[in-house]
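Structural description and commentary
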Amino acid sequence: MEFEWNEEQKELYEQAVSFAQKRMNKDLIEADKQGYFSRERWQELARLGVMGLLIPEEYGGAGMDALTCARVLEGLGYGCKDLGFFLSLGAHMFAVQMPVLLFGTEEQKQAYLPKLVSGEWVGAHAISEPEAGSDAMSMTTHAETDGDCYVINGRKTFVTNAPVCDFIITFATLNQRRGFAAVTAFVLEKDTPGVTIEPHTEKMGSRTSPMSDILFDNVRVPIANRLGNEYGGYKIFSKVMHWERALILAPFLGAMQRQIEDCVHYANQRVQFGKRLANYQAVTGKIVDMQVRLEAARMLIYKAAYILNHGDATMASSIAKLYTSEAAVQTFMDAMQVFGGYGFSTEFEIERHLRDALGAKIYSGTTEMQKVLISTQLGLKIN
């Protein structure tokens, strides 16, 4: 693996930083308070080409590799102080676009991907249920065949983008007794009769990324809207989670880099007890620890991104997601300590970064679930 960026990658990174700094930081404190999702920023990102990074040109995308995508997202995270927005972007790109690209029919790709790439549509991935979170495959949402349709009934919860979505990928079991082996994936539009999207769920962090439950009440979905094969839902979910876990936290790399730079500047300027904070080892030690965590997280995400295009990323993606989420939380906690009372205030925006980072330990599979997945890959026998 070589992480020497070529000229195109360097230019894409700089464009991402510049765009985010100029166009994505307006009224963020108020947007966080209101839980406001900006459709305007969504469409601007699409026009920049971000949503098409991984999608082939024939469907409106740029056809980039995963490592380039990670670098661009890192640039966006450096320039934009709204980490919540990147949860919506990641769910759309990795949990909605990628399953269609990897498992969809040609007709499905032609019908859906251009709208997802252009920003015309916001996508939602509905799999978690009130009684099936980490154990997603124990779902009770079920589908039955009826002529040339499937009829879906059930409830999905914690669905990122649900309140603003136009397009949904959901999963249902065709036979609950068969467990994960009977799970099947479907694609549908939000205005399909029988689909009810509940009001958005209030959250601690990532408040600019809306979330709510989706109800399916005798929803008739044509057989042509099945994604992949019958009983193929587990395979689809597992594959796309590699993409999501490897890449969804790439913006946090840029955010941690920016936070470190802010801490260095503050420590060099702030005077306490007659000395700049940079003279106190307790302070400089925290900032050094931040940098060490960033370098480790960056290499883990780059490695996972590289493997996505070259092999089995099962372990690499889980390690990247596990470490980066934990590193981000600790980095923003340390930054709060460096800034003291200012760090605890809303004005300096560190507390929002911390709240957003805490959610990263849960979505795309909790820290604990990542450890289970990694232990399985190591060959540990877990009954």
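Rules and cut-offs
Sequence positions are assigned chain by chain, starting from 1 and proceeding in written order. Since the coordinates come from a predicted model, pLDDT governs what is reported: local features require at least 70, and pairs of side-chain atoms require 80 or more to be given and counted, while whole-chain, interface and lining totals use all residues. Water and hydrogen atoms were dropped before computing side-chain values, which therefore reflect all heavy atoms in the structure. Under the scheme used here, helices are H or I runs from DSSP no shorter than 4 residues and strands are E runs no shorter than 2 residues, and both carry numbers assigned from the N terminus. Any two residues whose heavy atoms approach within 4.5 Å are treated as being in contact. Relative accessibility under 20% of the residue-type maximum defines a buried residue, over 50% an exposed one, and the middle range a partly exposed one, all with a 1.4 Å probe and only protein chains included. In short, DSSP must find at least two bridges between two strands for them to pair. Here the term cavity refers to a set of points on a 1 Å grid, laid over the protein atoms alone, in which a 1.4 Å probe fits but cannot get out; the term pocket refers to an open set having protein on both sides within 12 Å along at least five of seven lines, with lining residues being those that place an atom within 4 Å of a point. Grid points are joined across faces, edges and corners, and a volume is the space filled by probe spheres set on the points.

Side note on the side chain of Gln-259
Within the fold, Gln-259 resides in helix H8 (residues 250–269). Dropping the residues within four chain positions of it, Gln-259 is found in contact with Phe-332, Ala-335, Phe-339, Ile-350 and His-353.

Remarks on the pairing of strand S1 (residues 123–126)
Because side chains alternate across S1, one face comprises the buried residues Gly-123 and His-125, and the other comprises Ala-124 and Ala-126, equally buried. Inspection of the sheet shows S1 paired to strand S4 (residues 167–173) by four bridges, in the parallel sense. Across the sheet, His-125 pairs through a bridge with Ile-169, a residue of S4.

Notes on the layout of surface pockets
Remark: the empty space left among the atoms is shown by a probe the size of a water molecule rolled over them. As a volume, the second largest pocket reaches approximately 280 Å³. Around the second largest pocket, the lining residues are Arg-23, Met-24, Asn-25, Lys-26, Asp-27, Leu-28, Ala-31, Tyr-36, Ser-38, Glu-40, Arg-41 and Glu-44. Within the residue set of the lining of the second largest pocket, elements represented by two or more residues are helix H2 (28–34) and helix H3 (39–48). For the lining of the second largest pocket, the leading source of residues is H3, giving three residues.

Thoughts on unusual backbone geometry
With a phi angle near 75°, Asn-161 is a residue other than glycine that sits in the positive phi range. Mapped onto the secondary structure, Asn-161 falls in the loop between strand S3 (149–160) and S4. Positive phi is not limited to glycine here, since Phe-273 has a value of about 55°. Structurally, the position occupied by Phe-273 is in the loop between strand S9 (271–272) and strand S10 (275–276). Overall, Phe-273 belongs to the exposed group, its relative accessible area being 79%.

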